[in-house]
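Listed here are the chains, written in short residue letters.
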Amino acid sequence: MSLSRPEEGRSEERLFRLLLRLYPLSFRERFREELVECFRRDRERPRFRGPWGACLFWSHTSADLIRTAFDVRRRHSLYARKEITMHSLGTDLRFGVRSTWRNGRVTVLAALSLVLGIGASTAILCVTKGVLVDPLPYRDADRLALIWSEMPASDFTRYPISGPELNDLRERSEHFEELASIWTTTGAVVEDNEPETVRLGLVTWNFPSILGAEPIIGRGFGPGDEGTSSDSVLISESLWRRRFGGDRSAVGRSLRIDGGWGFPGGTFKIVGVLPASFHLVMPSDAGVATHLDLWVPFGHDLKAAPRLLYYLRTVGRLREGSTLKQARQEIRTIGEQVESEFSEYRDTGRGFNVVSLKGDAVGRAQPVILALLVGTGLLLLITCANVANLLLSRAAQRREEMLLRSALGASGRQIASQLLIESLVLATFGGLGGILVGSLALRPLLALAPRGLPRPDEIIADPIVLGVAFGASILCGLLFGLAPVLASRRQQLYSALRSGTPGGGFGGRGRSLLVVAELALAFMLSVGATLCFRTLEQLERVDLGFRTEGVLTMELTLPHQRYGSGIELDNFTRELERRVGEISGVVAVGAINQLPLSDLPNWSSPYRLRSEAEGEANEADGRVVSPGYFRAVSSELVQGRFLEDRDDGGSRYVVVIDELLASRAWPGTSPIGQEIEIEVRTERGFVPVWAEVVGVIRHMRHHDPRFELREQFFVPFAQGARNQMGLAVRASGEPLDLVAPVREELAAIDKDLAVSNVRPLEDYARDARSVHRFTMVLAAGFAGMALVLGSLGLYGVVGYAVSCRQREIGLRMALGSTASGIARWVLGQGVVLVTAGIALGLIGALATGRMLQALLFGVESSDPATLILVPLLLATVAVVASFLPARRASRVDPVVVLRAE
């Protein structure tokens, strides 16, 4: 076949326009004559005919252009040095922007990759800095420590300390400058006949000051504010504005507080208002709310309290020059001394431990955040690999341009500079877009944050993090802009252009290796996301020992002034159950002193068996419930009976225990009719009594859905009533439909009663699983982005290989290959890459599985189902990504391809 004259002219004009577009207008007139002469000589050359004519035409014409360019360079060396070489940074930058804009598809894909990678990194880095890096918002926060009581023999080893123990530590410690304690509960503020439930902290007088809290108006506490004569109270800024409208005259006014559990209430004098920025950062198992409304000094002598009454969460400030290690050793020594001096401990091994306040507060969140940080790092690596792949592909397509630049006087340094500038332009666009997306995504991300994440309100789009993220984007552009620079050496470009191959082999092996790395990292992220999903699925299936669906809950604080005795509390509870039980749609109703899975302080109660010596006590969760509570939450009875209305204050003490306590105390025998010694609340305080076991129920996971922490016993409300109450109402339909009628019945009994935290019981269970849900959602997002980027990289490599090998495909089809055979051949290229990626990803997933195991529940990191499902998913993605290039290859017309060459 022969090449027609019109096609010759179009080829020459294309080369002519390409060359002239690269240089200044003033040079084009000088160069035009040499180019015209080059084309004239080419037209006088005998025509190339036959099947190889079209393939050879491009090669010879390009060779003439190169020779002409070198001749011009010799004859105009001075001019070439001044005007041909592109040394101007401004010119390079303008050309880089235009070049990036012209390469729209590559620019969009690379920028999208950077936006995804940098955006995810920005959001997670902001969370990491806010939680793990930034100091706590307290004065000299690095000198603050928590003091815990330890019982190695107990299943629940960390306990608060007692009042006498606090006094021991204050008197004997030399490494602590001061010690302060807090215990939180609920109460009710009654102002203008508008009761409001509030969270309050009973504190030692120096607790706010040890954290550096300075009132915005009024004063703080002093030593004289603590004790039996104390009537001072500090209020939060939110309560001040809510109840007093921000009036500064609120300081000095009296405030009536109805007491709750452990707090008798009374009338107090407001001495100051704490700033809105002051809040507590404590570990989740401390049972201390982050935001408190009221701060009240202890109204009793802490030294005179029972030595074994553990309720004080204690913070200490180290002296200047003292270390945490020195304080820990000193406190342990004091613990040994106290144990030997007081018979109450009876060689229990009880001691004390000191931990950093910040380290303990963020300890439980740290594994989750670090896991997400690792996932972010993997996603960023995938992003970098994808960008490098796209830049290599673009450089391969522009190698003719690079050759002409080199031939016309541009040095290797200038070409490298131009390519790096173009990479930096792309990185700048992607980086700015990434930090914008990351900043916008931070609030929705924190909305998904689990309960117990420290300081979520303080996490912001930090300028330092944004700067680091933008710097990472620029570094990515520099590093992976070097890939096409290294591949654009003049010798390679010249020989490739002479060979007439349009881009084949230009960085081909490197691009394939980058895609394999992307797929391997995507495999690892997909495995992690699948394991997190399986964990959440297992948690949803855990038998909590009670049913959460269809149950409405609310918290009540019964003031001591009106409900000071057990009889009054019992009468209120019975009347409440009767009234609410008569509401249409109510199946069952019951009360408990503390709802399961709530964030209120939740510590153990002692019990003793008949076979154990006096003074020897075990620890269990002791709850006070009304007879209807077990039916309201659908608890399962194993032996005996539930509590009944006849179990009142005038009858014998009875108790219902769980399976764990039954198996520990009476293994192999029935516990029904047996007796255990427990402590119940009376008008004289807590007193030990012997109670008969009347029933055994399935263990309820009150603390954490993952664990059976310790034994449980349940006392009738009539025999140990508490002022703090959680109401559970089982509905036949939607539980929230009962809110209004239940409130009406409560107001009919006591219109001044404060009701709070009205929510379905399912919300508590959802909050308890929030850590795993948060991890699963983010891991799924990372895995999804990784799969998208990996499939784009695979599509780009396979598609580019097809475009580079058009001549080979045309020759194959001309020699007899079928369209389906060509398609299978192209798909095979993708299958080889994805197989290598899966193999490497499997090795990486197995190697890093132990790190992830701490976040899993009910599933192993080497879960077979996961390791089968994820490769199938990745293989499916690979087939889809390779299908379009394979389809395009199968439709190649060999005649058109050979004529184009």
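Here the structure is shown first, and the text comes after it.
Below: a short report on this structure. In this convention, every chain numbers its residues from 1, walking through the sequence in written order. Local features are withheld for residues below a pLDDT of 70 in this predicted model, meaning they are given only at 70 or higher, and side-chain atom pairs are given and counted only at 80 or more; totals for whole chains, interfaces and linings count all residues. Here the side-chain values reflect all heavy atoms present in the structure, with hydrogen atoms and water set aside.

**Points about the overall build of the protein chain**
Moving on, step 1. Across its full length, the protein chain carries 27 helices and 22 strands.
Moving on, step 2. A separation of at least 24 residues holds for 81% of the contacts in the protein chain among residues at least 6 apart in sequence.
Moving on, step 3. Exposure was quantified through the Shrake-Rupley algorithm and a 1.4 Å probe, taking into account, for residues, occlusion by the shown protein chains and nothing else. When the accessible surface of the protein chain is split by element, carbon and sulfur atoms take 57% of a total near 38400 Å². Secondary structure elements follow DSSP: runs of H or I of four or more residues count as helices, runs of E of two or more count as strands, with numbering from the N terminus. Pairs of residues are marked as contacts when any of their non-hydrogen atoms sit within 4.5 Å.

**A short note on the packing of aromatic side chains**
Moving on, step 1. Stacked, edge-to-face and tilted are the three classes for Phe, Tyr and Trp ring pairs, Trp counted by its six-membered ring, which pair at centre distances within 6.5 Å; planes under 30 degrees apart are stacked, over 60 edge-to-face, the rest tilted. For the coordinates displayed, the defined rule picks out 8 aromatic pairs.
Moving on, step 2. Where Tyr 159 meets Tyr 310, the ring centres are 6.2 Å apart and the plane angle is 65°; that geometry is what we call edge-to-face. Residue Tyr 159 is located in strand β2 (residues 158-159), and its partner Tyr 310 is located in the loop between β9 (294-297) and β10 (313-318); the two are separated by 151 residues in the primary sequence.
Moving on, step 3. A residue is classified by how much of its surface remains accessible, and Tyr 159, at 1% relative accessible area, is buried. Note on exposure labels: buried denotes an accessible area under 20% of the residue type's maximum, exposed denotes more than 50%, and partly exposed covers the range between, all computed with a 1.4 Å probe on protein chains only.

**Structural notes on the environment of Val 355**
Moving on, step 1. Examined against the element boundaries, Val 355 turns out to sit in strand β11 (residues 351-356).
Moving on, step 2. If we ignore the near neighbours within four places in the chain, the residues touching Val 355 are Ala 145, Leu 146, Trp 148, Leu 324, Arg 328 and Asp 360.

**Comments concerning helix α26 (residues 864-890)**
Quick reminder: α-helices carry 3.6 residues per turn. Residues three or four places apart thus point the same way.
Moving on, step 1. The length a helix should cover is 1.5 Å for every residue beyond the first. Its 27 residues place the ends of α26 38 Å apart at the C-alpha level, agreeing with the 39 Å of an ideal helix rising 1.5 Å per residue.
Moving on, step 2. For a residue, the bend is simply the angle between two axes, fitted respectively to the seven-residue segment ending there and the seven-residue segment starting there. Bending of α26 peaks at approximately 35° at the position of Phe 883, with proline Pro 885 no more than four residues after it.
Moving on, step 3. Turning to α26, its buried residues number three or more, namely Thr 866, Leu 867, Val 870, Pro 871, Leu 874, Ala 878, Ala 881, Ser 882, Pro 885, Ala 886, Ala 889 and Ser 890.

**So, the packing of helix α7 (residues 163-172) against helix α10 (residues 324-341)**
Moving on, step 1. To define axes, lines are fitted to C-alpha atoms, for helices over the stretch in contact only, and angles between the resulting N-to-C directions are given on a 0 to 180 degree scale. Where α7 meets α10, the axes come as close as 11 Å, and the angle between the chain directions of the two elements is 125°. One finds that α7 runs oblique with respect to α10. The element α7 and its partner α10 pack so that their crossing is right-handed. Where α7 abuts α10, its residues Asp 168, Leu 169 and Arg 172 lie against Glu 330, Ile 331, Ile 334, Gln 337, Val 338 and Glu 341. Angle categories are assigned with fixed cut-offs, so that under 35 degrees is roughly parallel, over 145 is roughly antiparallel, 65 to 115 is roughly perpendicular, and the rest are oblique. Two helices crossing with the near one rotated counterclockwise from the far one by less than a right angle form a left-handed crossing, whereas a clockwise rotation gives a right-handed crossing.

**Points about helix α25 (residues 819-853)**
Moving on, step 1. Its 35 residues place the ends of α25 48 Å apart at the C-alpha level, agreeing with the 51 Å of an ideal helix rising 1.5 Å per residue.
Moving on, step 2. Approximately 40° is the largest bend angle found in α25, and it occurs at Ala 847.

**Considering the pairing of strand β14 (residues 605-609)**
Moving on, step 1. β14 sits mainly inside the fold: 4 of its 5 residues count as buried.
Moving on, step 2. Two strands qualify as a pair provided that DSSP identifies no fewer than 2 bridges between them. In this structure, β14 lies alongside strand β18 (residues 675-682), joined through 3 bridges in antiparallel fashion. Paired with Leu 609 across the bridge in β18 is Ile 676.

**Things to note about the pattern of salt bridges**
Moving on, step 1. Salt bridges are counted wherever a side-chain nitrogen of Lys or Arg sits within 4 Å of a carboxyl oxygen of Asp or Glu. Taken as a whole and judged by the stated rule, the model has 39 salt bridges.
Moving on, step 2. Glu 575 is the salt-bridge partner of Arg 578, the closest N and O atoms lying 2.7 Å from each other. Pair noted here: Arg 578 and Glu 575 are both in helix α18 (residues 566-581), with a separation of 3 residues, about one helical turn.
Moving on, step 3. Overall, the relative accessible area of 41% leaves Arg 578 in the partly exposed class.
Moving on, step 4. By relative accessible area, which is 27% here, Glu 575 ends up partly exposed.
Moving on, step 5. One salt-bridge network, held together by shared partners, links Asp 140, Arg 143, Glu 177, Arg 317 and Glu 320.

**Points about the nonpolar core**
Moving on, step 1. We define the nonpolar core as a collection of buried residues of types Ala, Val, Leu, Ile, Met, Phe, Trp, Tyr and Cys that are connected through side-chain atoms lying within 4.5 Å of one another. Within the largest apolar cluster, 70 residues are counted, with the highest numbers of intra-cluster contacts made by Val 127, Val 131, Leu 379, Leu 445, Leu 453, Leu 525 and Phe 782.
Moving on, step 2. Among the elements that line this core, the one with the most residues is helix α23 (residues 770-804), at 14 residues.
Moving on, step 3. In this structure Leu 445 touches Ala 123, Ile 124, Val 127, Phe 774 and Leu 778, once residues within four positions along its chain are discounted.
Moving on, step 4. Grouped together as the second largest cluster of nonpolar side chains are 40 residues, Ile 217, Leu 239, Leu 255 and Ile 270 included.

**Some details on a nonpolar patch on the surface**
Moving on, step 1. Residues enter a patch when their relative accessible area is above 30% and they make no salt bridge; the linking distance is 9 Å between like charges and 5 Å between nonpolar side chains (Val, Leu, Ile, Met, Phe, Trp, Tyr). Side chains of Leu 475, Leu 478 and Leu 479 sit close together on the surface and give an oily, nonpolar patch of about 260 Å² of accessible area.
Moving on, step 2. Position of Leu 479 relative to the elements: it lies in helix α15 (residues 463-487).

**Describing the packing of α25 against α26**
Pairs of packed helices are described in terms of their axes, by the angle between the two and the distance that separates them.
Moving on, step 1. Close contact between α25 and α26 brings their axes to 8 Å; oriented N to C, the two are set at 150°. With respect to α26, the axis of α25 lies roughly antiparallel. For the pair α25 and α26, the crossing hand works out as right-handed. Contacts between α25 and α26 pair Ala 819, Ile 822, Ala 823, Val 826, Leu 827, Gly 830, Val 834, Ile 838, Leu 842 and Leu 846 from the former with Leu 867, Pro 871, Leu 874, Ala 878, Val 879, Ser 882, Phe 883, Pro 885, Ala 886, Ala 889 and Ser 890 from the latter.

**Things to note about the side chain of Arg 730**
Moving on, step 1. Counting through the fold element by element, Arg 730 comes out in strand β21 (residues 724-731).
Moving on, step 2. Under this rule, positive means Lys or Arg and negative means Asp or Glu; His and the chain ends count for nothing. In this structure Arg 730 is buried but unpaired, with Glu 549 as the nearest side chain of opposite charge at 5.7 Å.
Moving on, step 3. The term polar contact refers here to a pair of N or O atoms within 3.5 Å; inside protein, the definition further demands a hydrogen-donor-capable atom paired with an acceptor-capable atom, and it admits residues adjacent in sequence only when both atoms are side-chain atoms. Of note is the side chain of Arg 730, whose polar atom sits 2.9 Å from the backbone oxygen of Glu 549.
Moving on, step 4. Beyond its immediate sequence surroundings of up to four residues, Arg 730 is in contact with Arg 547, Glu 549, Gly 550, Val 551, Gly 585, Val 586, Val 587, Ala 588, Arg 631, Ala 632, Val 633 and Ser 634.

**Observations concerning the pairing of strand β4 (residues 194-203)**
Moving on, step 1. The buried fraction of β4 is high, at 8 of 10 residues.
Moving on, step 2. When β4 meets β9, the two strands line up parallel, connected through 4 bridges. By the bridge assignment for β9, Val 203 is matched with Pro 297.

**Quick word on unusual backbone geometry**
Moving on, step 1. Here the phi dihedral of Asp 140 falls at roughly 45°; this positive angle occurs in a residue that is not glycine.
Moving on, step 2. Given a relative accessible area of 35%, Asp 140 falls into the partly exposed group.
Moving on, step 3. Of note in this structure, Leu 597 is not a glycine but carries a positive phi near 65°.
Moving on, step 4. Along the chain, the position of Leu 597 falls in the loop between β13 (586-592) and β14.

**A word on the side chain of Asn 353**
Moving on, step 1. Within the secondary structure, Asn 353 sits in strand β11.
Moving on, step 2. The exposure class assigned to Asn 353 is buried, which follows from its relative accessible area of 12%.
Moving on, step 3. Among the polar contacts made by the side chain of Asn 353, one reaches the side chain of Arg 332 at a distance of 3.4 Å.
Moving on, step 4. Setting aside residues up to four positions removed in sequence, Asn 353 forms contacts with Leu 146, Ile 147, Trp 148, Glu 150, Arg 328, Ile 331 and Arg 332.

**Thoughts on the environment of Ile 838**
Moving on, step 1. Residue position: Ile 838 is located in helix α25.
Moving on, step 2. On a C-alpha basis, the gap between Ile 838 and Leu 521 in space is 9.1 Å, while along the polypeptide they are 317 residues apart.
Moving on, step 3. Beyond its immediate chain neighbours, meaning those up to four positions away, Ile 838 contacts Phe 523, Pro 871 and Leu 874.

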